[in-house]
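Notes for the structure review
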Amino acid sequence: MSKMLETVMDVVRDIAKIYLPGLYNLIKRGLDLKSFSMSMVAHYSRRFGAKAILTVGVLATAYASYLFMVNALTPGAPKASHDVILKTRFSSPKPADKILIVDIDERTLAALSEKHGRWPWSRDVLADGLQKFNDLGARAVLFNVLFSDPDKNNPDADAAMDVTAQMNRATAFPLIRLNPKNDTQSQLKVAQIPGVQFKPEHSADSTIAVILPIFGAMHDRLGVANQKPDADGIVRKYPLRWEEATFVLPSMVQRTAELGTADIARVPNLISLNWRNKQGRYNRISFSDVLLDQIKPDQIQGFKDAFVVLSLSAPGLGQTKPTSVASVEDDGEILATALDDALNDTHLRTLPNTAAYLINLLTIWVLVWMSLKQKTGGFMNKAFVIGQSGLGSITLLSASYTHYLIDLSDSMSFGLSVFAAIKLVQSMDDRWSRARPGFRKARPSQIKGQLLLLGFLDHRVNASQVKTLQNAAERIVGLPNVVRVDDLFGGESFIKSQCAHFKALLVNVADNQAEAMQSLLAHEDYAKVDVATYDMTHMWDPENRDFTAEVAPLILASAARLLHDDWATKA
């Protein structure tokens with residue numbers, strides 16, 4: 001792709017040079033500016049490479065610390081990554097067989113319209129349905145329909161509902177919590193709601209704004225029907241216990257579980273819902289089938305010892321909300337999921353904020369450490385791929401096959417960002433060191449000296465020794481006066497495997513630097529370095545074609561000499 005872009009730019013530049021000289025000059029100045037800028041970046045990457053990589057680590061750590069503080073100050077804030085993980089995971093918990101949704105759906109409205117008319121029906125219709133649930137052996141019923149006003153046209157139906165509610169004790173009924181701003185206008189005291197738990201700071205005279213069922217027989221089994229969508233409107237959590245500043249109220253799910261004699265005391269007040277999106281949906285039966293005795297034998301068996309959720313899904317009646325895994329979901333499925341999580345302790349547990357922070361730091365500094373330790377590019381690339389794959393696998397597998405959502409996507413993002421920054425610094429460093437065309441314009445050499453050609457084979461002088469030698473030479477003669485040649489032989493030639501062992505350093509040495517260089521090369525680590533000194537006709541300038549034409553044969557001669565000697569030694 002880069003070659004194609006270069007070709008296109010060359011064509012545009014040639015056309016502009018002939019037909020649009022003004023545009024040509026503009027392009028030329030732009031390319032010169034770009035080349036100079038890239039050269040400056042490469043120079044400083046070489047000069048401050050280790051410090052630049054450390055700076056990347058420090059900046060990444062600062063941002064990770066910022067995220068840690070934000071998460072600590074806003075616990076439970078929604079994370080979009082959680083939704084993606086839950087949607088793409090391989091599996092999910094299976095919907096419990098003993099949770100059954102009885103649905104007032106479109107089919108029910110059509111089936112009962114002839115006898116009972118349009119919704120809302122008289123209360124005796126739902127009373128009959130509630131009685132049938134219990135007759136069929138339901139363990140407990142979550143009755144998600146609120147009767148807030150009397151039916152003045154049919155008081156007998158209201159009486160039937162009141163009696164049925166009193167007779168069927170294992171039924172939880174809803175109350176609606178209104179905006180707390182209205183509490184001062186209410187005459188209902190918090191203490192009058194059965195099941196409320198007070199905190200030490202509670203005032204005995206405090207009032208609460210709620211909508212209660214009109215039937216007194218329901219009041220001892222009330223649960224808050226409100227849910228708590230996140231700030232973006234998506235349902236991710238369910239308040240098993242409705243907790244406010246001075247008191248705690250039971251939710252409908254808590255009431256239903258307790259009426260069914262289930263022990264959910266150890267389940268947290270606010271749970272993250274573990275959607276059953278990969279294992280199907282909860283069993284559903286239309287309310288009309290139950291009321292009209294049209295359910296099948298296996299459905300009758302399904303009622304035995306089951307927790308029944310009565311809910312409305314018919315358009316215009318039931319409420320729908322977006323969830324982590326669906327853009328539209330009805331209350332019946334949400335309540336059934338919350339009830340299942342509470343009964344079976346399958347709610348999602350997330351990674352503690354401190355643990356996520358420590359993993360982020362570990363990811364950042366392992367990459368920085370590997371780069372500073374001069375690990376080979378291949379090793380670091382493999383370690384990065386393995387690390388990213390491991391983090392991604394832990395995230396998906398934990399969400400798929402356990403009740404823990406170990407979201408390591410932040411660590412993956414930090415790893416990718418730090419790795420990319422390190423690679424950019426290393427790439428610019430290599431381009432400067434190798435004197436890639438265009439990358440030595442910013443800091444040309446200011447001295448004319450002798451050329452010191454240091455040739456070696458990579459299996460005789462290891463990479464660490466070469467790095468040390470290059471750094472020491474640069475300290476003596478300056479960065480612009482050293483060039484590393486380690487990519488001379490490429491392609492797919494049959495001799496590549498042998499020729500690629502040759503590497504070299506070119507050093508421009510002034511007279512007053514010669515003694516220091518000789519002292520450096522006298523070290524035993526460099527005993528197998530082939531040292532050759534040349535008086536050059538042309539000024540040291542890797543950007544100059546005449547200079548490169550003069551140097552190229554000398555490099556090839558050194559390569560030929562070392563490769564021949566190595567072959568002779570082995571022979």
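Below is a short write-up of the structure. Positions within a chain are numbered from 1, following the residues in the order the chain's sequence is written. In view of the model being predicted, local features appear only for residues whose pLDDT reaches at least 70, and side-chain atom pairs are presented and counted only at 80 or more, with totals across whole chains, interfaces and linings using the full set of residues. For the side-chain quantities, the full set of heavy atoms in the structure was used; hydrogens and water were omitted.

1. Quick notes on the sheet that holds strand β18 (residues 482-485)
- Only strands joined by at least two bridges in the DSSP assignment are considered to pair. Each helix is a run of DSSP H or I of at least 4 residues and each strand a run of E of at least 2, with the numbering of both proceeding from the N terminus. Strand order across the open sheet formed by 4 strands is β18-β19-β17-β20, with antiparallel pairing between neighbours. Two strands lie at the open edges of the sheet, namely β18 and β20 (530-534), each paired on one side alone. Going across the sheet, the axis of each strand differs from the next one's by a mean of 15°, ignoring polarity.
- As judged from the 5 bridges shared by strand β17 (residues 450-457) and β20, these two strands associate in the antiparallel manner. Following the sheet pairing, L451 is matched in β20 by Y534.
- Along the sheet face, helix α18 (residues 545-570) touches β17, β18, β19 (502-509) and β20 and points at about 35° away from the line of β17. Orientation is described by lines fitted to C-alpha atoms, with helices fitted over the stretch in contact, and by angles between N-to-C directions that extend from 0 to 180 degrees. In this description, contact between two residues means that some pair of their heavy atoms is separated by no more than 4.5 Å.

2. Looking at the sheet that holds strand β8 (residues 241-243)
- If you walk across this open sheet you meet the 3 strands as β4-β9-β8, and the pairing is antiparallel. Looking at the sheet topology across the chains shown, the edges are occupied by β4 (197-198) and β8.
- Of the pairings in the sheet, the one linking β4 to strand β9 (residues 247-250) comprises 2 bridges and is antiparallel in character. By the bridge assignment for β9, Q197 is matched with V248.

3. Considering the packing of helix α8 (residues 252-259) against helix α11 (residues 331-344)
- In contact at an axis separation of 10 Å, α8 and α11 are set at 50° when each is read in the N-to-C sense. Taken as axis vectors, α8 and α11 run oblique relative to one another. By crossing handedness, the relation of α8 to α11 is classed as right-handed. Residues V253, T256 and A257 of α8 pack against L335, A338, L339, A342 and L343 of α11.
- Residue polarity is assigned by list, with Asp, Glu, Lys and Arg as charged and Ala, Val, Leu, Ile, Met, Phe, Trp, Tyr, Cys and Pro as nonpolar; anything else, Gly included, falls into the polar class. For the contact of α8 with α11, the per-class residue count stands at 7 nonpolar, 1 polar and no charged. Angular relationships are summarised with four words: roughly parallel below 35 degrees, roughly antiparallel beyond 145, roughly perpendicular across 65 to 115, and oblique for the angles in between. Each crossing gets its handedness from the near helix: less than a right angle anticlockwise from the far helix is left-handed, clockwise is right-handed.

4. A word on helix α12 (residues 353-372)
- The first and last C-alpha atoms of α12 sit 29 Å apart over 20 residues, in line with the 28 Å expected at 1.5 Å per residue.
- Taken as a whole, α12 has its buried residues at Y357, N360, L361, T363, I364, L367, V368, M370 and S371. Any helix carries an expected span of 1.5 Å times its number of residues minus one. Exposed residues in this analysis have more than 50% of their type's maximum accessible area, buried residues have under 20%, and partly exposed residues fall in between, with area computed by a 1.4 Å probe over protein chains only.

5. Regarding the side chain of S288
- On the secondary structure map, S288 appears in helix α9 (residues 287-291).
- Residue classification places S288 among the buried residues on the basis of a relative accessible area of 1%.

6. Considerations on the pattern of salt bridges
- Any carboxyl oxygen of Asp or Glu that lies within 4 Å of a side-chain nitrogen of Lys or Arg is treated as forming a salt bridge with it. Counting across every chain of the model gives 34 salt bridges.
- Where R177 meets D183, a salt bridge forms, and the shortest distance between an N and an O atom there is 2.8 Å.
- Owing to a relative accessible area of 6%, R177 belongs among the buried residues under this scheme.
- For D183, a relative accessible area of 13% gives the class buried.
- Three or more residues joined by partner-sharing salt bridges are found here, namely D103, R281, R284, E329, D330 and E333.

7. Details of the packing of aromatic side chains
- Planes of paired rings set the category: under 30 degrees apart is stacked, over 60 is edge-to-face and the rest tilted, where pairs are Phe, Tyr or Trp rings (Trp by its six-membered ring) whose centres lie within 6.5 Å. The final tally for this structure, using the stated rule, is 12 aromatic pairs.
- When the ring of W121 is compared with that of F287, the centres are 6.1 Å apart and the planes differ by 15°; the resulting orientation is stacked. Of the two residues, W121 is situated in the loop between α5 (106-116) and α6 (123-135) and F287 in helix α9; the sequence distance between them amounts to 166 residues.
- Among the residues examined, W121 registers a relative accessible area of 6% and is labelled buried.
- The buried category is assigned to F287, whose relative accessible area is 0%.
- Ring centres 6.1 Å apart and planes at 20° place the aromatic pair F133 and F303 in the stacked group. Of this pair, F133 sits in helix α6 while F303 is found in helix α10 (residues 297-303), placing the two residues 170 residues apart along the sequence. For the pair formed by F133 and F303, the shared burial category is buried.

8. With respect to the nonpolar core
- By convention a nonpolar core is built from buried Ala, Val, Leu, Ile, Met, Phe, Trp, Tyr and Cys residues, the set being connected through side-chain atoms within 4.5 Å. In terms of nonpolar packing, the biggest core is built from 43 residues, with L126, F133, F143, F287, F303 and L310 touching the most fellow members.
- The leading source of residues in this core is α6, at 5 residues.
- Not counting residues within four places of it along the chain, the set of residues in contact with F133 comprises V102, A138, V141, F287, V290, F303, V308 and L310.
- If you look at the next biggest cluster of nonpolar residues, it comprises 33 residues, including I99, A140, L273 and L335.

9. Here we look at unusual backbone geometry
- Between W119 and P120 the backbone carries a cis peptide bond, its omega angle lying at 5°.
- Along the chain, P120 falls in the loop between α5 and α6.
- Here D305, not a glycine, exhibits a phi torsion of approximately 60°, which is positive.
- Structurally, D305 is set in the loop between α10 and β12 (307-312).
- Of note, the phi angle at D345 is positive, near 55°, even though the residue is not glycine.

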